[in-house]
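An overview of the molecular structure
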Amino acid sequence: MSAVIAVANQKGGCGKTTLSMNLAGVLSEGGLKVLLIDADPQASAQQWAMRAGESGMGFEVMTHPHEDVHRKVREMSAKGYDAILIDCPPGASQSVASKDSQTSISRMAILAADVVIVPVRPSMLDYLASHQLLPLLREVGALKDKQRVFIVVNGKSPGRTRTGTEAISVAEEVFRIDGVDVEVLRSEVTTRQAFVLAPTVGKTVTAYEPEGKAAGEIRNLAEEIAKCLQATAAV
Ligand SMILES: Nc1ncnc2c1ncn2[C@@H]1O[C@H](COP(=O)(O)OP(=O)(O)O)[C@@H](O)[C@H]1O
Ligand SMILES: [Mg+2]
C-alpha cells in the first residue's frame, strides 16, 4: 500500500502545487517510487512536469481532476508506489451540502489520505480563510482515526521579521480546534525565487539548485513530516 498525502486548502495561491511537487521531488530523490496526482482542473502540476521534457521529474505525474479521485488512488496504490501525493484544487469548503465539484474533489482526496498537508500564507486573514477546512477534516477524522493533518506556513519573508516570528505561534492558536489533531510544522518555507524559477525549467527546487536555500527548506520540511510520522508509529 502506498502512503497517501493530500495537499489541500480551499484558498488558491497558498502553495499547494509548489509544496506537493517539491515534496514529491525530495521523496523520489530519497529513492522512493512516487506518483503525484494532479487533481486540479487547472493542471498546473501537469504543465510544470511537461516542461521537464524527456528527462522527466524523477517521479510520475498524472491528471485526475475528478470526484472519484479516491478510486484512482486505490487503483494506483496497487501499482507499487511508495507514496502518492494529491495536488488538490482550490475549494474545499465546510458545507457538506456544497455541490461544487472542486470541493468534492478535495473532500474525496482528503478521505483517501493518510496525511493531509495544508499550506497557508503567513497572514491572519489567510489563516481564518483556511480554517474553513477544519470542519471537513473533523468529519473525515471521525471516520479515520489515524489521519494526520499538518499546517505548513508558506511564504514568510526570509530572515527575522515580525510577521515571520509570530507566524507559527499565531497559526497554532488559530488552528487549535476540538476533534481535529492539527499540527503546525516548525519548518520554514520562505519566499524564494527558486520556488518560482524551478517550474519554468520543469524542475523541483532540489534538482534546480541542490545546494540552494529553497532546497534546504523543502528537505527540512520533508524531514519534519517524516519525524512526526515515525514518532506516532513508534507509540
Ligand atoms: N515559497 C514560495 N516562494 C516564492 N513563490 C512561491 C512560494 N510558494 C508559492 N509561490 C508562488 O505563488 C504562486 C501560487 O503558488 P501555487 O503553488 O500555485 O499555489 P496553489 O497551488 O495553492 O494555487 C505561484 O506563482 C508560485 O510559484
Ligand atoms: Mg495549484
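Look up: the structure comes first, before these words.
Presented here is a report on the structure given in the accompanying data block. Bear in mind that the values here come from a model prediction, so they are computed numbers and not experimental data.

Focus on the site of ligand 1
- In the vicinity of ligand 1, 15 residues are found, and the nearest of them are Gly-15, Lys-16, Thr-17, Thr-18 and Phe-195.
- Only helix H1 (16-29), strand E6 (148-156) and helix H8 (193-200) provide two or more residues apiece to the shell around ligand 1.

Section: the packing of helix H4 (residues 101-112) against helix H6 (residues 134-143)
- At a minimum axis separation of 10 Å, H4 and H6 run at an interaxial angle of 40°. Judged on the interaxial angle alone, H6 and H4 are oblique. When you trace H4 past H6, the crossing you get is right-handed. Residues Arg-107, Ile-110 and Leu-111 of H4 form the contact with H6, whose participating residues are Leu-136, Leu-137 and Val-140.

Side note on unusual backbone geometry
- With phi around 55°, Ala-43 is a residue other than glycine that occupies positive phi space.
- With respect to the secondary-structure elements, Ala-43 resides in the loop between strand E2 (34-38) and helix H2 (44-50).

So, the nonpolar core
- In terms of nonpolar packing, the biggest core is built from 70 residues, with Ala-6, Leu-36, Ile-86 and Ala-109 touching the most fellow members.
- Residues contacting Leu-36, with those up to four places away along its chain left out, are Ser-20, Met-21, Ala-24, Ala-45, Phe-59, Val-61, Leu-85 and Asp-87.

What to know about the environment of Ile-177
- Tracing the backbone through its elements, the reader meets Ile-177 in the loop between helix H7 (162-174) and strand E7 (182-184).
- Classification of Ile-177 by C-beta neighbours within 10 Å gives partly exposed; the count is 13.
- Between the C-alpha atoms of Ile-177 and Arg-138, which are 39 residues apart in sequence, the distance is 9.1 Å.
- Every residue in contact with Ile-177, bar those within four places of it in the chain, is listed here: Leu-134 and Val-182.

Describing helix H3 (residues 69-77)
- All of the buried residues along H3 are Val-69, Lys-72 and Val-73. Viewed end-on, H3 has its buried residues packed into an arc of 105°, placing them on one side of the element.
- Those residues of H3 hidden inside the fold are in contact with strand E1 (3-7), E2, strand E4 (83-87) and H4.

What counts and how
- Residues numbered from 1 in each chain as written.
- Chains lettered and ligands numbered in written order.
- Predicted model: local features only at pLDDT ≥ 70, side-chain atom pairs only at ≥ 80, totals over all residues.
- Near = placed C-beta within 6 Å.
- Helix = DSSP H or I, 4+ residues; strand = E, 2+ residues; numbered from the N terminus.
- Axes fitted to C-alpha atoms, helices over the stretch in contact; angles between N-to-C directions.
- Parallel < 35°, antiparallel > 145°, perpendicular 65-115°, else oblique.
- Left-handed = near helix turned anticlockwise from the far one by under 90°.
- Contact = placed C-beta atoms within 7 Å.
- Core = buried A, V, L, I, M, F, W, Y, C linked by C-beta atoms within 7 Å.
- Buried ≥ 20, exposed ≤ 12 C-beta atoms within 10 Å, placed from the backbone.
- Arc of directions from axis to C-beta.

Honestly, that's just the spatial picture; any functional story needs more than this.
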